[in-house]
Amino acid sequence: MKRYILILLIFLSGMVIYAQKQGNFWYFGEYAGLNFGMGVPQALTNGALSTGEGCSSISTSAGALEFYTDGRYVYNREHDQMPHGNGLFGHSSSTESGIIVPKPGNSSHYYIFTVDAYDNNLAHGLCYSLVDMTLDGGLGDVVTSEKNVSLLPLTCEKVTAVGHSNGYHFWVITHQWGTNAFYAFEVTSTGVNTTPVISNTGPVLSGDMQASKGYIKVSPDGSKIGMANNTAFNVVICSFNNASGSINEIVTDYNYVNPGGGDPGGPYGVEFSPNSHLLYVGEWKANRRIHQYDVTTSDPQLILNSKQIVASVGQNADPIGAMQIAPDNRMYIARQNSAYLSRINSPNTPGTACGFVDNAVNLAGRSCTYGLPPFIQSFFYLTIDYYWDVPTCDEEPVKFYTSASDTPDSVRWNFGDPGSGSMNTSTLLNPTHLYPGTGNYWVTLVVYLYGVAKNTFHIIIVNPAVN
């Protein structure tokens, strides 16, 4: 028994390396942005990004913004274009135009992996460019000698990334157009290994090139892959070996209906729950629904039987786009041309109890398009945080919510109000606390996941009552 516990702790220590704050800043859509550094997402209006779909952002492990991109242009933390941050081979109409991957062992080097768009006949395929944050006075720049390095021509509008089982390297995964081949490229401390692991599995993607649209995601624990193939009207679910990089089809769901018409859409957004047990798929344009699968099994029929609709927004609502889990372990959903993001409040919960909220986050005058920034999925593995309902005045108690990537073993709160005596602490998942007056309070939460203690804190602001 002690040996099994030791093995588990070694495994957890290797994976926790990714559970940082690199996903704190998001820039997307028409100059929209979010900051998750305060626990509750704060709308940002300082972004320079305008993109129809693909985008990517990266922050330091401490949560400070580094840079962001739409796969063509690269903007530094001061929202200026990097001196050589133009002409990258992504595309503003590519589903996952770019994703940013840190170089292991080098905190100042990042790779931007880009994929081209159907609109450009997927011509540039998968490429990468190196960003060196020591350049341009510490604001960073694209290294011209390592810019638009071609890895694979003619790929789909799909790229995702996840941590290697060794807790140090990363895998970058895409799908080739015209074949059934997945390609997994390993990123190590010496750079990008240009010899991929190739897995021929699942359906061939060919014919109407719009079928190349739609997201690919890896589960946060690195065990599963979900891929939406837009006008092919199917979703592929695979197993992934994050030690070897090999991929095997579990099941393909061909039961998505083409409603006809000039622009019918199909499966597009894909995301896993933080605990990796559930897969969500959004249909954009015509059907505008969100489906959920239970992927805790590898039985194809059980997965298909578990499929259920957890949200349906109606034909006149803003179309559903990307789906992305966040540092608060909730799932955010892009809505084309909307001034809001939608959200699933409890994405680990099966069925409609997952809690879809339509206009959940106000973008402060900015608007969404179809995309949200994808991240290395391991950033959201074994993570904890909390959020709270902002009280309108000091006479109302604050409601707190534990937010963890899986069900906690236990929790311990400290509300930063020692004058309240025994009421200053709680072991409830979602407690309330009434503060004695206005001011700033330092609130700490300790969460035990699989026996490992993880803690987080935020400053809660209690405002005076408004007469």
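Only a predicted model underlies this, so the values are computations on that prediction, with no experimental measurement involved.

Visitor: Honestly, the nonpolar core in this entry has me stumped. Any pointers?
Guide: One broad trend across soluble globular proteins is that nonpolar side chains are buried collectively. In terms of nonpolar packing, the biggest core is built from 89 residues, with Trp 26, Phe 28, Phe 67, Phe 113, Tyr 280, Tyr 293 and Leu 341 touching the most fellow members. Of all hydrophobic cores here, the second largest spans 21 residues; its members include Trp 413, Tyr 441, Val 443 and Val 447.

Visitor: What should I look at first to understand the packing of aromatic side chains in this one?
Guide: Two descriptors summarise a pair of aromatic rings, namely the distance from one centre to the other and the angle between the planes of the rings. On inspection of all chains with the given rule, the structure shows 26 aromatic pairs. Judged by centre distance (5.5 Å) and plane angle (85 degrees), the ring pair of Tyr 215 and Tyr 268 falls under edge-to-face. In this pair, Tyr 215 sits in the loop between strand E16 (197-200) and strand E17 (216-218) while Tyr 268 sits in strand E21 (residues 267-272), placing the two residues 53 residues apart along the sequence. Pair check on accessibility: Tyr 215 and Tyr 268 agree, each one buried. Plain terms: the ring middles of Tyr 435 and Tyr 441 are 4.1 Å apart, the flat faces sit at 35 degrees to each other, and that makes the pair tilted. This pair shows no difference in class: Tyr 435 is buried, exactly as Tyr 441 is. Members of the aromatic cluster, joined through ring pairs, are Trp 26, Phe 36, Tyr 332, Phe 375 and Phe 380.

Visitor: What am I meant to see in the sheet that holds strand E34 (residues 439-449) here?
Guide: Sheet strands pair via backbone hydrogen bonds, and the direction of the pair is either parallel or antiparallel. One open sheet holds the 4 strands; their spatial order is E32-E31-E34-E35, and the pairing between them is antiparallel. Only two strands of the sheet have a single neighbouring strand rather than two, namely strand E32 (425-426) and strand E35 (452-462). Relative to E34, strand E31 (residues 410-414) is paired through 5 bridges, and the arrangement is antiparallel. Opposite Arg 412, over in E34, you have Val 446 as the bridge partner.

Visitor: Honestly, the pattern of salt bridges in this entry has me stumped. Any pointers?
Guide: Pairs can form between side chains of opposite charge once their charged atoms are near each other. All chains considered together, the criterion is met by 8 salt bridges. We note a salt bridge from Glu 157 to Lys 213, for which the minimum N-O separation is 3.3 Å. In this pair, Glu 157 is assigned in the loop between strand E11 (149-152) and strand E12 (160-163) and Lys 213 in the loop between E16 and E17, connecting sequence segments 56 residues apart. For the pair Glu 157 and Lys 213, a shared accessibility class is recorded, and that class is buried. A salt bridge links Glu 271 to Lys 217; the shortest N-O distance between them is 3.2 Å. With Glu 271 in strand E21 and Lys 217 in strand E17, this residue pair connects regions lying 54 residues apart in the sequence. In this pair, the class of Glu 271 matches that of Lys 217, namely buried. The network of salt bridges with common partners includes Glu 53, Glu 157 and Lys 213.

Visitor: I tried to follow the pairing of E34 on my own but got confused; where do I start?
Guide: Residues in a regular strand project their side chains so that they alternate between the two faces of the sheet. Relative to E35, E34 runs antiparallel, the two being bridged by 11 bridges. Of the residues in E35, the one forming a bridge with Leu 445 is Thr 456. The hairpin formed by E34 and E35 contains 2 residues between the paired strands, and Tyr 450 there has a positive phi angle of roughly 55 degrees.

Visitor: Just to check I follow, could you spell out a nonpolar patch on the surface for this structure?
Guide: A cluster of nonpolar side chains, contributed by Trp 442, Phe 457, Ile 459 and Ile 461, occupies part of the molecular surface with about 400 Å² of accessible area. Take the nonpolar patch: its biggest share by element is 3 residues, from E35. Looking at where Ile 459 falls in the secondary structure, it is placed in strand E35.

Reading the values: the criteria
- Residues numbered from 1 in each chain as written.
- Predicted model: local features only at pLDDT ≥ 70, side-chain atom pairs only at ≥ 80, totals over all residues.
- Heavy atoms only, no water.
- Core = buried A, V, L, I, M, F, W, Y, C linked by side-chain atoms within 4.5 Å.
- Buried < 20%, exposed > 50% of the residue type's maximum accessible area, 1.4 Å probe, protein only.
- Phe/Tyr/Trp six-rings, centres within 6.5 Å; stacked < 30°, edge-to-face > 60°.
- Helix = DSSP H or I, 4+ residues; strand = E, 2+ residues; numbered from the N terminus.
- Pairing = 2+ DSSP bridges.
- Salt bridge = Lys/Arg side-chain N within 4 Å of Asp/Glu carboxyl O.
- Patch = residues over 30% accessible without salt bridge, like charges linked within 9 Å, V, L, I, M, F, W, Y side chains within 5 Å.
- Areas by Shrake-Rupley, 256 points an atom, 1.4 Å probe, with all protein chains shown as cover.

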